[in-house]
Amino acid sequence: MTGFSFVHAADLHLDSPLLGLAGKSADFAARVEAASREAFDNLIALAIDEGCRFVLLAGDIFDGDLRNFQTGLYFMAGMRRLDEAGISVFMVLGNHDSANRFADKLSLSGNVHVFPKTKAATHRLEDVGVAIHGRSFPRPDVSEDLAREYPAATQALFNIGVLHTACAGSEGHHARYAPCTPEQLTNHGYDYWALGHVHAHAVLGEHPHIVYPGNLQGRHPRETGPKGAVLVKVNDGKVTSLEHRALDVVRWASITVDVSGTSEHRELLDVIRGHIAQSAEQADGRPIALRLTVIGTTPLHSRLILERTVFREDVETLLATLSDDVWLEKLRLDTEHPAALGMVDPTVAGRLDQEVVRLSQDGAIAQVLEARLADIRTKLPAGAHADAFIEQMRAEIPERAAALARSLVSEAGHAPD
């Protein structure tokens, strides 16, 4: 059995649609959409540059119904590049691929082996002593345990299972398709399990290796941090090196900054700057889509709420001084006024807060408020984004009212303490 290397990738989601992003920034949406193809190109280059014997694709190469057949042609071109380099490809179709009308119609180069949907099958590479087992999803909503039907390990060969699954303990936000357990995979007798479906890189076991490479390119704010594939080296029938390689082109980041104790606006921005600078440094020069949440107790709370648009502009100006490639995807304000921590606040500001709370609990006022929100809702497009916008308005109204009251009192010459 000779030494060899391979790349394990999954969840490419080529040309995945970015719902809601284009409405916020068409330019950045276009860059992220192109990023899935660029990350795919990086995957092909990695396999070629490292002299890999083969590439494993553990499902969800496409993203549901193929909206643009050019996506399929782009994938085929990448497979041909691997073929020209003498690299084989073994892939299973995942839940998204099974919903794809064109996945079965692609004319793939001879180096690509797609595992069947009907039952698990095995491919052998005698030159390196490897047996690769896998099965594609027969339909999008597979609820049965596919791994249980995988063939027994082939004696005297390095056995790999390619499986699209929600393995117990790693499901996260992902549907529980083709469920199995790490213990079950461990006891199956294979040397390496190449998993797909979960978008976070994870090593569930090392004897044998049970690995999720994560997806190739982050697509939304929940998919933060480095994304890419796993480069595996094998010698004498054992994994000697397993390295996650970042191949993503655009990096998503979600940062929570505690501004407690800051009393000057410039001081608050300096605290935020430090956290963002650290995140930008960790992105290794990649563009960043940033979701920023500001928390903590500060006397600046009312000003931030009342001048939310100005504050966002201040943050965007700050970003421009750090990098040309950091985009503020969303800004959330969850700060508190210091008075909120006390039982009773005798200051003018405190009494205003208490009165706003009392009024917000008044049934008649609440009824008028809900009627106004309902009227606003009729003017918004249908969908979850509009519902979320209304919920945010409902939650922010008491604080916005309190902030406005404090501002009016201050302008009248009765600066709240």
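Coordinates for the structure precede this section.
Residues numbered from 1 in each chain as written. Predicted model: local features only at pLDDT ≥ 70, side-chain atom pairs only at ≥ 80, totals over all residues. Heavy atoms only, no water.

A. Representation of helix H3 (residues 69–84) in the model. With 16 residues, H3 should reach 22 Å at 1.5 Å per residue; the first-to-last C-alpha distance of 23 Å fits that figure. Within the sequence span of H3, burial applies to Thr71, Gly72, Phe75, Met76, Gly78, Met79 and Leu82. Buried residues of H3 fall within an arc of 160 degrees about the axis and therefore sit on the same side. In this structure, the buried residues of H3 make contact with helix H2 (26–49), strand S2 (54–58), strand S3 (88–92) and strand S4 (112–114). The first or second residue beyond H3 is Gly86, which carries a positive phi of 75 degrees. (Helix = DSSP H or I, 4+ residues; strand = E, 2+ residues; numbered from the N terminus. Expected span 1.5 Å × (residues − 1). Buried < 20%, exposed > 50% of the residue type's maximum accessible area, 1.4 Å probe, protein only. Arc of directions from axis to C-beta. Contact = heavy atoms within 4.5 Å.)

B. Summary view of the packing of aromatic side chains. Counted according to the given criterion, the structure contains twelve aromatic pairs. For the pair Tyr150 and Trp193, a centre-to-centre distance of 5.7 Å together with 40 degrees between the ring planes defines the contact as tilted. Of this pair, Tyr150 sits in the loop between strand S6 (130–134) and strand S7 (158–164) while Trp193 sits in strand S8 (residues 192–196), and the two are 43 residues apart along the sequence. Summarising the burial analysis for this pair, Tyr150 and Trp193 share the class buried. The rings of Phe4, Phe6, Phe54, Phe90, Phe158 and Tyr192 are connected pair by pair, giving a single aromatic cluster. Positioned over the ring face of Tyr74 is Arg37, at 4.6 Å from the centre of the ring. (Phe/Tyr/Trp six-rings, centres within 6.5 Å; stacked < 30°, edge-to-face > 60°. Lys NZ or Arg CZ within 6 Å of the ring centre and 35° of its normal.)

C. Up close: the sheet that holds S4. Sheet architecture is open: six strands sit in the order S4-S3-S2-S1-S11-S12, paired in mixed fashion. Two strands close off the open sheet at either side, each with one partner strand: S4 and strand S12 (238–246). This sheet shows a mean twist of 20 degrees between the axes of neighbouring strands, independent of strand direction. In terms of strand pairing, S3 meets S4 through three bridges, oriented parallel. Pairing of Phe90 across the sheet is with His113, part of S4. Packing against the sheet, H2 makes contact with strand S1 (4–9), S2, strand S11 (228–235) and S12, and its axis sits at approximately 170 degrees to S1. Across the face of the sheet, H3 comes into contact with S2, S3 and S4 while running at roughly 140 degrees to S3. (Pairing = 2+ DSSP bridges. Axes fitted to C-alpha atoms, helices over the stretch in contact; angles between N-to-C directions.)

D. Broad picture of the packing of H2 against H3. Closest axis-to-axis distance for the H2/H3 pair is 10 Å, and the angle between their directions is 15 degrees. Classed by the angle they form, the pair H2 and H3 counts as roughly parallel. Once H2 is placed against H3, the crossing between them reads as right-handed. Of H3, the residues touching H2 (which contributes Arg37, Phe40, Asp41, Ile44, Ala45, Ala47 and Ile48) are Gln70, Thr71, Tyr74, Phe75, Gly78, Met79, Arg81 and Leu82. Its residues assigned to classes, the contact of H2 with H3 comprises nine nonpolar, three polar and three charged. (Parallel < 35°, antiparallel > 145°, perpendicular 65-115°, else oblique. Left-handed = near helix turned anticlockwise from the far one by under 90°. Nonpolar A, V, L, I, M, F, W, Y, C, P; charged D, E, K, R; others polar.)

E. Highlighting the sheet that holds strand S14 (residues 288–297). A sheet is described by the order of its strands in space; here three strands give the open sequence S13-S14-S15, paired in parallel fashion. Of all the strands in the sheet, just strand S13 (251–258) and strand S15 (326–336) have a single pairing partner and so form its edges. Each adjacent strand pair in this sheet contributes to an overall mean axis angle of 10 degrees, direction not counted. With ten bridges connecting them, S14 and S15 associate as parallel partners. Note that in S15 the partner of Thr297 across the bridge is Glu336. The strands touched by helix H6 (residues 265–282) are S13 and S14; relative to S13, the strand with the most contacts, the crossing angle is about 155 degrees. Lying over the sheet, helix H8 (residues 308–322) contacts S14 and S15, oriented at roughly 135 degrees with respect to S15.

F. Seen up close, the pairing of strand S10 (residues 209–212). Burial along S10 is two-sided: His209 and Val211 facing one way and Ile210 and Tyr212 facing the other are all buried. Inspection of the sheet shows S8 paired to S10 by three bridges, in the parallel sense. Looking across to S10, one finds that Trp193 is bridged to Ile210. In this sheet, S10 lies alongside strand S9 (residues 202–206) in antiparallel orientation, the contact comprising four bridges. By the bridge assignment for S10, Glu206 is matched with His209. Connecting S9 to the next strand, S10, in antiparallel fashion are two residues.

G. The packing of H6 against H8, seen in detail. Two elements in contact, H6 and H8, have axes whose closest approach is 10 Å; the angle formed by their N-to-C orientations is 50 degrees. Judged by the inter-axis angle, H6 sits oblique to H8. The chirality of how H6 crosses H8 is right-handed. Contact with H6, carried on its side by His265, Leu268, Leu269, Ile272, Arg273, Ile276 and Ala277, involves Phe311, Asp314, Val315, Leu318, Leu319, Thr321 and Leu322 of H8 and no other residues of that element. Grouping the constituent residues of the contact of H6 with H8 by class yields ten nonpolar, two polar and two charged.

H. Spatial organisation of the nonpolar core. Counting 37 residues, the largest nonpolar core has Val7, Leu12, Phe40, Leu43, Leu57 and Phe75 as its most contacted members. For this core, the elements supplying multiple residues, two or more each, are S1, H2, S2, H3, S3 and S11. Ranked by residue count, the leading element in this core is H2, at nine residues. When residues no more than four places from it in sequence are discounted, the contact partners of Leu43 are Val7, Ala9, Leu12, Leu57, Leu216, Ala229 and Leu247. Val257, Leu292, Val326 and Leu328 belong to the second-largest nonpolar core, a separate cluster that totals 24 residues. (Core = buried A, V, L, I, M, F, W, Y, C linked by side-chain atoms within 4.5 Å.)

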